[in-house]
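Letter by letter, the chains look like this.
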Amino acid sequence: MSNQTTPAAKSHDVLRVELGARSYDILVGSNLLADTAGHIASFVKKAGVVIISDAMVADRHLPTVLASLNAAGIAHREVIVPAGEKSKSFAVFEDVVEQILAMGIERSTLIIALGGGVVGDLAGYVAASLLRGLDFVQIPTTLLSQVDSSVGGKTGINSKSGKNLVGAFHQPRLVLADTAVLDTLPRREMLAGYAEVVKYGLIDDPEFFDWLESNAEAVLNNDGPERRTAVMRSCAAKARIVSQDERESGKRALLNLGHTFGHALEAETGYGAKLLHGEAVAMGMVIAHDVCSAMGMAPAGEKDRIVSHLKSVGLPVCASEVSGMHWDIDRLMRHMSRDKKVSDGEITFVMTRGIGKAFTSKAMDIQKMRAAITRSCHA
Ligand SMILES: NC(=O)c1ccc[n+]([C@@H]2O[C@H](COP(=O)([O-])OP(=O)(O)OC[C@H]3O[C@@H](n4cnc5c(N)ncnc54)[C@H](O)[C@@H]3O)[C@@H](O)[C@H]2O)c1
Ligand SMILES: O=C(O)C(=O)C[C@@H](O)[C@H](O)[C@H](O)COP(=O)(O)O
Ligand SMILES: [Zn+2]
């Protein structure tokens, strides 16, 4: 008989976003929601917590969170918004703020964002605004929010003039990424998040892109080690960049790879289910690689490799794949001119010399860019 005991599996990994007084941990693991109360305990005061979630997530995962808070005797209230991008609006923002103020809150009330990037961006902006700033915790429930939106403190809503044009930088106190909740996420939403995972490989980690080419289906299908690796490696990449440039005065703009084009496509489709953010980013990353290879700075074969990987999992790669859309290139160009990376009247673009070699520059060939957008819209 052996005396050996199997060591208990590590329940979660911890990453730190280093931002001085605003530093915080990202916990990544399976079934973390069951001990929500334990994980957030040090941020909860007598005033309790207000959970902001959407109807879909509340239906599936709020009971687990509430059971944990009830067992620990933590006072809680809930605000539930409709699921989907349309909740990142002035109307929903106002409604949530008024509901929470009517509850009677204090500066020590903790806001919890339980949901995907829509809930995280909205709840973060609500937290930044109420009483001029409440603490908040991100509990991301989509792949996209676990690998990207819950980290870094960009919060906000959309305006008629464009995507995320109203908001604030407001860092969470903690990010609790429970990879098991992704088991209830529809494949299309998983893929939208996967586009942002691929983005990290394309920015500056070609080995990660190689790894994804072999492990994509394991990441997407099972709550196993590959998914955890993908979430951890993505969060580590984002944390590293955000720690160096919290307010996007330089390097952070790299996280916008594919977004200048992607946000224009999203705005033109009316922020609905026609085109998800991650799908627009996938198309935008292809356009970025296409125009850079047309400008002779990136090998054309690399764009083909990216397209082939995105297609292999089922992501759309061309704007022409959005059904019922008749794209107007001039309107797309006008949207791009309102990008937050515009300075002195010129857009800073995230460009590329190939996989893992993204950089920022204003030196875009506008005619070649128009041609690349046209290829995407009329493929
Ligand atoms: N702040 C940032 O840094 C940042 C980064 C990337 C994206 N974003 C924003 O994030 C938003 C997109 O986020 P998203 O892709 O998470 O979309 P989302 O929040 O709309 O969630 C997608 C859908 O999945 C449902 N859902 C969420 N979790 C679920 C679960 N576990 N099981 C079943 N259904 C679930 C939601 O109800 C919704 O219908 C966009 O508005 C984008 O601009 C922000
Ligand atoms: O965190 C960042 O910085 C990013 O750019 C991450 C993006 O994936 C995200 O979509 C972000 O919301 C885009 O920011 P925006 O400033 O262009 O609205
Ligand atoms: Zn994004």
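Here the structure is a predicted model, which means the values were calculated and not measured. (Residues numbered from 1 in each chain as written. Chains lettered and ligands numbered in written order. Predicted model: local features only at pLDDT ≥ 70, side-chain atom pairs only at ≥ 80, totals over all residues.)

A word on the site of ligand 1
Stage number 1. In the vicinity of ligand 1 there are 31 residues, among which Met56, Ala83, Gly116, Gly117 and Ser149 approach most closely.
Stage number 2. At the level of elements, α2 (55-72), α4 (117-129), α5 (143-149), α6 (187-204) and α10 (277-294) are the ones that each hand at least two residues to the shell around ligand 1.
Stage number 3. Here the shell around ligand 1 spans two domains, since at least three of its residues come from each of domain 1 (12-184) and domain 2 (187-377). (Near = placed C-beta within 6 Å. Helix = DSSP H or I, 4+ residues; strand = E, 2+ residues; numbered from the N terminus. Domains from an automatic or database assignment.)

Thoughts on the confidence of the model for the protein chain
Stage number 1. When pLDDT is averaged along the protein chain, the result is 95; 97% of the residues meet or exceed 70.
Stage number 2. Every residue in residues 1-5 scores below 50 in pLDDT, and together they form zero contacts with partners more than four places removed in sequence or on other chains.
Stage number 3. With pTM at 0.97, the complex prediction returns an ipTM value of 0.99. (pLDDT = per-residue confidence, 0-100. Contact = placed C-beta atoms within 7 Å.)

Thoughts on the site of ligand 2
Stage number 1. Every residue lining ligand 2 is accounted for by Asp148, Gly152, Lys154, Lys163, Asn164, Glu196, Glu248, Arg252, Leu255, Asn256, His259 and Lys340.
Stage number 2. In this structure, the shell around ligand 2 is formed jointly by two domains, domain 1 (12-184) and domain 2 (187-377), each of which donates at least three residues.

A few points about the UniProt feature "domain: 3-dehydroquinate synthase N-terminal" (unreviewed entry) in the protein chain
Stage number 1. Here the UniProt-annotated "domain: 3-dehydroquinate synthase N-terminal" (unreviewed entry) positions come out as residues 79-190.
Stage number 2. Structurally, residues 79-190 is divided into 34% helix and 29% strand, and its ends, taken at the C-alpha atoms, are 25 Å apart. (UniProt positions renumbered as here; feature names shortened; annotations may be inferred.)

Examining the environment of Gly84
Stage number 1. Structurally, the position occupied by Gly84 is in the loop between β4 (76-81) and α3 (90-103).
Stage number 2. When the 16 C-beta atoms within 10 Å are taken as the criterion, Gly84 is described as partly exposed.
Stage number 3. Once the C-alpha coordinates of Gly84 and Asp54 are considered, the two residues, 30 residues apart in sequence, prove to be 8.2 Å apart.
Stage number 4. If we skip the residues at most four places from it in the chain, Gly84 touches Val118 and Ala273. (Buried ≥ 20, exposed ≤ 12 C-beta atoms within 10 Å, placed from the backbone.)

Considerations on the sheet that holds strand β9 (residues 174-178)
Stage number 1. Here we have seven strands laid out as an open sheet, ordered β1-β2-β9-β6-β5-β3-β4, and mixed in their pairing. A strand with exactly one partner marks an edge of an open sheet, and here the two such strands are β1 (12-17) and β4. Strand after strand, the sheet turns through a mean of 15° between neighbouring axes, direction not considered.
Stage number 2. This element, α2, spans β3 (49-54), β4 and β5 (110-115) of the sheet and lies at about 155° to β3.
Stage number 3. Most of the contacts of α4 go to β5, to which it runs at about 165°, and overall it touches β3, β4, β5 and β6 (136-140). (Pairing = 2+ DSSP bridges. Axes fitted to C-alpha atoms, helices over the stretch in contact; angles between N-to-C directions.)

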